[in-house]
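Structural characterization, general
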Amino acid sequence: MSTYAKKKGFGATLWDFLTTVDHKKIAILYLITGGLFFVVGGLEAMFIRIQLAVPNNDFVSAGLYNEIITMHGTTMIFLAAMPLVFALMNAVMPLQIGARDVAFPFLNSLGFWLFFFGGTFLNLSWFMGGAPDAGWTSYASLALQSEGHGIDFYVLGLQISGLGTLIGGINFLVTIINMRTPGMTYMRMPLFTWSTFVVSALILFAFPPLTVGLTLMMFDRMFGANFFVTAAGGNTIIWEHLFWIFGHPEVYILILPAFGVFSELFATFSRKRLFGYSSMVFATVLIGFLGFMVWAHHMFTVGLGPIANAIFAVATMAIAVPTGIKIFNWIFTMWGGKVRFTTPMLYAVAFIPSFTMGGVTGIMNAAAPADYQYHDSYFVVAHFHYVIVGGVVLGLLAGITFYWPKMFGTMLNETLGKITFWFFLIGFHLTFFIQHFLGLLGMPRRVFTYQKDLGWETSNMISTVGAFLMAVGVLVMVYNIIITSIKNEKVGNDPWGDGRTLEWAISSPPPFYNFKQLPLVRGLDPYWIEKMEGKTEMTPAEPLGDIHMPNGSFLPVTISFGLFVAAFGALFHMDDKAWSIPVIIIGLLITFGSMLIRSVKDDHGFHIHKEDLMDNTDKGGKS
Amino acid sequence: MKKRLQNWRLISLFAIMTLFLAGCGNAQLSALNPAGEVAKTQYDLMVLSTLIMVLVIIVVVILFVIVLFRFRHKKGDDSIPKQVEGSHKLEIIWTTIPILLLIILAVPTVMSTFDLADTKAMDVKDKDGKTKDALVVNVRANLYWWEFEYPDLGIVTSQELVVPTDQKVYFNLKSSDVKHSFWVPSVGGKMDTNVDGTNQFYLEFDNEKSNEAENLFHGKCAELCGPSHALMDFKVKTKTKDEFTAWVKDMQGVKEAVPAKGDVAKQGEEIFAESCIGCHAVTPNDSRPEAARLAPNLSNFGDRDKIAGVLDHTDEELGNWLEDPEKYKPGNKMTGTYGELDEEQISALTEYLMNLKVESK
């Protein structure tokens, strides 16, 4: 399909993307939407830094500032980082395990559209009476007192997009368990697939607590329930627990795929197999597991008592061990290799010291009594940006650059890529390193301004300058993407030259059925093994035969759109608007009606016939 | 080569900045200038963890730099490096050494977690239900002001916490609206003031360090609580034991509001009695229940250092504040509760309030 897309008009292409169930196109949808939200979140970040550049600034008002920080955090985590991670997982994981698609292509599309409409709903709050303003953590006592509908947009928007994420996670789990090509045992799976696997399990267990928390808050705000109202016997600390039981694993949901990308990069561009593969797998699983044991380290100052604080402090420190294993394994993957500094590899190399910084400040935060000082200060802001930007964002930029040819069949410009890299990296350290000290000098986080003569002026100015450098880097990247897309110079199967895993054995972009014949995997780094034996393609594991493919469907869009409509009804029902109930009903009718159609209409998909496959050998996908 | 240089430049830049910053920090505000036992414990833990972590970073950076120098791909070199599977010996090394390092950090962490949570002295009460040997302060956080009640001394004050040095001061912390967090960075880490119950902890204010800080520390709200979160500051004034006792006497001596002196102030007193007294008390022995204490107690307003926590303590700023509090603290609960005041009324009020002094200096 993708190879024919060019010949179509705009309308047909649009329809194609609206109805696609192809994991590669869904990856592109995630990439575009996530990229747009990344720019929105980045703009919000710039407003924050401009406001804080000088003391007593009045660039934005206090109330608006709180909306901006809330939306910056929420957008970056839920609407930028998550979908970009999903973009990579969708684009790469099925290829890496030698599958023709994910296990449930329809659900894959549904997951995306739920995320899309949830995210759009949340951002519409800007134009409909104000965005949420209680921080991305939305602590209950403040959230319940927040006026206007900001918090309701937050609750409903995240609920809808969270459903999409949960569906996506389950889908990936099933895909990896069931759809590996012959010979692709668990212990031969590339590290990126492993991290997708662990992350999907984390999503499965971490998102339900968020769903529960959001539901309780929805009931409190919309139906006058009192789950978080102390005066009526409720308890606000419950929200903090629910949020962080989700929130801490969420950090690992974001960072593990980045780890996965880096593992691929270090091996590829050092021309060496990953050092200590089995301990890397073990470390990934262990990090995922421990990620659920440490949420209360976000709550050291809540007053849970010394026993809880001590236990969570020690548990948190324990995570450093598997993370350290990973760092050293990466370094020793490069050790003795032939390291080529391509743009993605630059990100990977810069990631090691940057992320180590974020990791060690994490351990410093784990020392509970010291955390009483760091907590909710700029030290913590610095710490988590070192982890999220120095880890996740560098990983995403690396992954996107690395897999760009596989997704679009053309290479991003290397020179521009390196310019982006240097601006972004230097800007990043300039912005956030100094914030550690701001925190120690007593600057609380989430302040819309500060007084003069507290010793914070210079540091804040430096931080703002850094943010502008990062913005320049991102602009250069946008320019790079545009000119690359215009030039559109096609590349072959393995454009980086040293691809090791299955995705590099097929054309870029792959045909819509991925593998004409499922490949036979004979060990870790299957494509590398074949290359070392002088072959150019994989040995097939099956004779050429008909391929069963799913039909596209518009229903995921309508199912999600129905919820989007119903959410507006629910939100304005609080204002006793007469039209709210009909709107809820119409929305739900669209959703459930679409689901009914899906249930009763037979859709067996279609077959690509053997003869057709034989005809177009030139379309790549040899295996 | 260029890349390498830039990497080094970056690292040395950070090193210089680190040194530069470590030396400074406002003595009244910086956690790097610990002015008491609690902050000192926390500072020591910070130093220990930083040292361990710097050690880790150095090891990583050394290996990292060696890799970047030695194992670069050279042009025209198409050889395939040896495909190493891993090394059990190395794996064991970089698993056990971090574990050992963490144990070194974990032991003092756990110990001081328990030490800093030790508030047993608060439970030792005498026959009248007063705390026997410890000074207890009830901290109540409100949108956007702080109340400090000394339950055993019968004193209520606000915005400025007055404490004796060189002894443990115990705190009961709670909030009356949304969650806030009580933080005096130079003296100790923060503790949240929840809406769900009372938290307890203690701080100690070192006499010498207090003198260096001119007996004044900045206090902050550390939990996002609304538009004026950034402006929810308070001050801590430290006094020696004797000075503190004297202050307590002074405060306890004010059974009725300090009478206004002069005609203008008298006029201000009248306006105050009409428009303000419903929320603001002017006697430290405010016996009304907490729920009725809707606004900061102003009995010693004239002695204070700031107006509303953030404005300079001048007649002009007080006038500005009374004219439009919303402008200076958006979202505060005072705006619109006392009608319009004309200029004359404002200056009368200012005169009255500025003379509410308790301390006999």
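Residues numbered from 1 in each chain as written. Chains lettered and ligands numbered in written order. Predicted model: local features only at pLDDT ≥ 70, side-chain atom pairs only at ≥ 80, totals over all residues.

1. A closer look at the overall build of chain A
Per the secondary structure count, chain A includes 20 helices and two strands. Here chain A has a C-alpha radius of gyration of 24 Å; the compact-globule value for 623 residues is 25 Å, and the two agree. Counting the 623 residues in chain A, one finds 61% classified as buried. Within chain A, contacts between residues at least 6 apart in sequence are counted, and of these 82% link residues at least 24 apart. (Helix = DSSP H or I, 4+ residues; strand = E, 2+ residues; numbered from the N terminus. Rg over C-alpha atoms; globule rule 2.2 N^0.38 Å. Buried ≥ 20, exposed ≤ 12 C-beta atoms within 10 Å, placed from the backbone. Contact = placed C-beta atoms within 7 Å.)

2. Focus: the overall build of chain B
In terms of regular secondary structure, chain B is built from nine helices and twelve strands. At 27 Å, chain B has a C-alpha radius of gyration far larger than the 21 Å of a compact globule built from 361 residues. Evaluated residue by residue, chain B yields a buried proportion of 42% over its 361 residues. Contacts in chain B between residues at least 24 apart in sequence constitute 69% of all its contacts with a sequence separation of at least 6.

3. Observations regarding the domain arrangement of chain A
A common way to state how big an interface is: give the accessible area lost once the parts meet. Residues and elements named next belong to chain A. Here the domain parsing of chain A yields domain 1 (2–553 + 603–619) and domain 2 (560–602). Computed over C-alpha atoms only, the centres of domain 1 and domain 2 are separated by 30 Å. When residues of the side of domain 1 that touches domain 2 are traced back to their parent elements, those giving at least two are helix H5 (105–124) and helix H7 (150–178). In terms of residues, the side of domain 1 that touches domain 2 owes the most to one element, H5, which gives six residues. Grouping the constituent residues of the side of domain 1 that touches domain 2 by class yields ten nonpolar, two polar and two charged. (Domains from an automatic or database assignment. Nonpolar A, V, L, I, M, F, W, Y, C, P; charged D, E, K, R; others polar.)

4. Remarks on the sheet that holds strand S6 (residues 180–184) of chain B
Residue and element names in this part refer to chain B. The mixed open sheet is built from five strands, whose spatial order is S4-S10-S9-S6-S7. Every other strand in the sheet has two partners, leaving strand S4 (160–164) and strand S7 (188–193) as the edge strands with one partner each. When the angles between neighbouring strand axes are averaged without regard to direction, this sheet yields 25°. By the bridge criterion, two bridges tie S6 to strand S9 (residues 216–221) in an arrangement that is antiparallel. Paired with Trp 183 across the strands is Lys 220, a residue of S9. (Pairing = 2+ DSSP bridges. Axes fitted to C-alpha atoms, helices over the stretch in contact; angles between N-to-C directions.)

5. Structural notes on the interface of chain A and chain B
Tallying the contact residues gives 76 residues for chain A and 79 residues for chain B. If you list the elements that add at least two residues to the side of chain A that touches chain B, you get helix H4 (62–96), helix H6 (140–145), helix H9 (236–270), helix H10 (277–290), helix H11 (306–334), helix H12 (343–366), helix H13 (368–374) and helix H15 (414–440) of chain A. Across the side of chain A that touches chain B, the residue classes break down as 42 nonpolar, 27 polar and seven charged.

6. A short note on the packing of helix H8 (residues 191–223) of chain A against H10(A)
Residue and element names in this part refer to chain A. H10 packs onto H8 with a crossing angle of 15° between their chain directions and a minimal axis gap of 10 Å. By the angle between their directions, the pair H8 and H10 is classed as roughly parallel. Both H8 and H10 take part in a crossing whose hand is right-handed. Residues Leu 191, Trp 194, Ser 195, Val 198, Ala 201 and Leu 202 of H8 pack against Met 280, Val 281, Thr 284, Val 285 and Gly 288 of H10. Counted by class, the contact of H8 with H10 contains eight nonpolar, three polar and no charged residues. (Parallel < 35°, antiparallel > 145°, perpendicular 65-115°, else oblique. Left-handed = near helix turned anticlockwise from the far one by under 90°.)

7. What to know about the UniProt feature "transmembrane region" (unreviewed entry) in chain B
As annotated in UniProt, the feature "transmembrane region" (unreviewed entry) corresponds to residues 51–71 and 92–111 of chain B in the numbering used here. Counted over residues 92–111 of chain B, helix gives 100% and strand 0%. Its end C-alpha atoms are 29 Å apart. (UniProt positions renumbered as here; feature names shortened; annotations may be inferred.)

8. Some thoughts on the domain arrangement of chain B
All names here are of chain B. Its domain assignment divides chain B into domain 1 (2–71 + 86–116) and domain 2 (126–361). Averaged C-alpha coordinates put domain 1 and domain 2 at centres separated by 39 Å. If you look at the interface, domain 1 gives 14 residues, while domain 2 gives 17 residues. Looking at which element gives the most residues to the side of domain 1 that touches domain 2, the answer is helix H2 (residues 37–70), with four residues. Residue classes in the side of domain 1 that touches domain 2 are distributed as eight nonpolar, five polar and one charged.

9. Looking at the pairing of strand S10 (residues 234–239) of chain B
Residues and elements named next belong to chain B. Among the six residues of S10, five are classified as buried, and the element is accordingly described as predominantly covered. The pairing of S4 with S10 spans five bridges and is classified as parallel. Its bridge partner being in S10, Val 163 is matched across the sheet by Thr 238. In the sheet, S9 pairs with S10 via four bridges, with the strands oriented antiparallel. Among the inter-strand pairings, Leu 216 is bridged to a residue of S10, identified as Lys 237.

10. Some points on the environment of A:Pro94
Residues and elements named next belong to chain A. As for its position among the elements, Pro 94 is in helix H4. For the pair Pro 94 and Arg 180, spaced 86 residues apart in sequence, the C-alpha separation works out to 8.4 Å. Among all residues touching Pro 94, those that are not within four sequence positions of it are His 23, Ala 99, Asp 101, Val 102, Thr 175 and Asn 514.

11. Here's the deal with the UniProt feature "domain: Cytochrome oxidase subunit II copper A binding" (unreviewed entry) in chain B
As annotated in UniProt, the feature "domain: Cytochrome oxidase subunit II copper A binding" (unreviewed entry) corresponds to residues 132–250 of chain B in the numbering used here. Between the C-alpha atoms that bound residues 132–250 of chain B there is a distance of 22 Å. The span itself is 13% helix and 50% strand.

12. Digging into the sheet that holds strand S8 (residues 199–204) of chain B
All names here are of chain B. Taken in spatial order, the five strands of this open sheet run S3-S2-S1-S5-S8, and their pairing is mixed. The strands lining the two open edges of the sheet, one partner per strand, are strand S3 (155–158) and S8. With direction set aside, neighbouring strand axes in the sheet form an average angle of 25°.

13. Some thoughts on the confidence of the model for chain A
Residues and elements named next belong to chain A. Per-chain confidence: chain A averages 94 in pLDDT, with 97% of residues scoring 70 or above. The model gives residues 1–5 a pLDDT under 50, and that stretch makes ten contacts with residues more than four places away or in other chains. Here residues 618–623 is a poorly scored stretch, pLDDT under 50, and it has 25 contacts once near neighbours within four places are set aside; other chains count. (pLDDT = per-residue confidence, 0-100.)

14. With respect to the confidence of the model for chain B
All names here are of chain B. Mean pLDDT over chain B works out to 90, with 93% of the residues at or above the 70 mark. For chain B, per-element mean pLDDT is lowest for helix H1 (residues 2–23), which scores 56, and highest for S6, which scores 97. Interface scoring of the predicted complex returns ipTM 0.92; its pTM is 0.93.

15. Some thoughts on H4(A)
Residue and element names in this part refer to chain A. Helix length check: H4 (35 residues) gives 49 Å between terminal C-alpha atoms against 51 Å at 1.5 Å per residue, within 8%. The largest bend along H4 reaches roughly 40° and is located at Thr 75. Across the 35 residues of H4, 32 count as buried, placing the element largely inside the fold. Following H4 by one or two positions, Gly 98 has its phi on the positive side, about 70°. (Expected span 1.5 Å × (residues − 1). Bend = angle between axes of the 7 residues up to and from the residue.)

16. Digging into the packing of H9(A) against H10(A)
All names here are of chain A. Close contact between H9 and H10 brings their axes to 11 Å; oriented N to C, the two are set at 170°. Looking at the two axes, H9 sits roughly antiparallel to H10. Contacts between H9 and H10 involve Tyr 252, Leu 256, Phe 259 and Ser 263 from the former and Met 280, Thr 284, Ile 287 and Gly 288 from the latter. In terms of residue class, the contact of H9 with H10 is made up of five nonpolar, three polar and no charged.

17. So, unusual backbone geometry
Following A:Ser508, the chain continues into A:Pro509 via a peptide bond in cis, with omega recorded as -10°. That bond from B:Leu143 to B:Tyr144 is cis: its omega, -25°, falls within 30 degrees of zero. Looking at where B:Tyr144 falls in the secondary structure, it is placed in the loop between strand S1 (135–142) and strand S2 (145–150). A positive phi angle, near 50°, is found at A:Asn56, a position not held by glycine. The residue A:Asn56 is located in the loop between helix H3 (23–52) and H4 in this model. Residue class for A:Asn56 comes out exposed when judged on the 9 C-beta atoms lying within 10 Å of it. Phi at A:Asp525 is positive, roughly 55°, even though this residue is not glycine. Looking at the secondary structure, you find A:Asp525 in the loop between helix H16 (457–487) and helix H17 (526–532).

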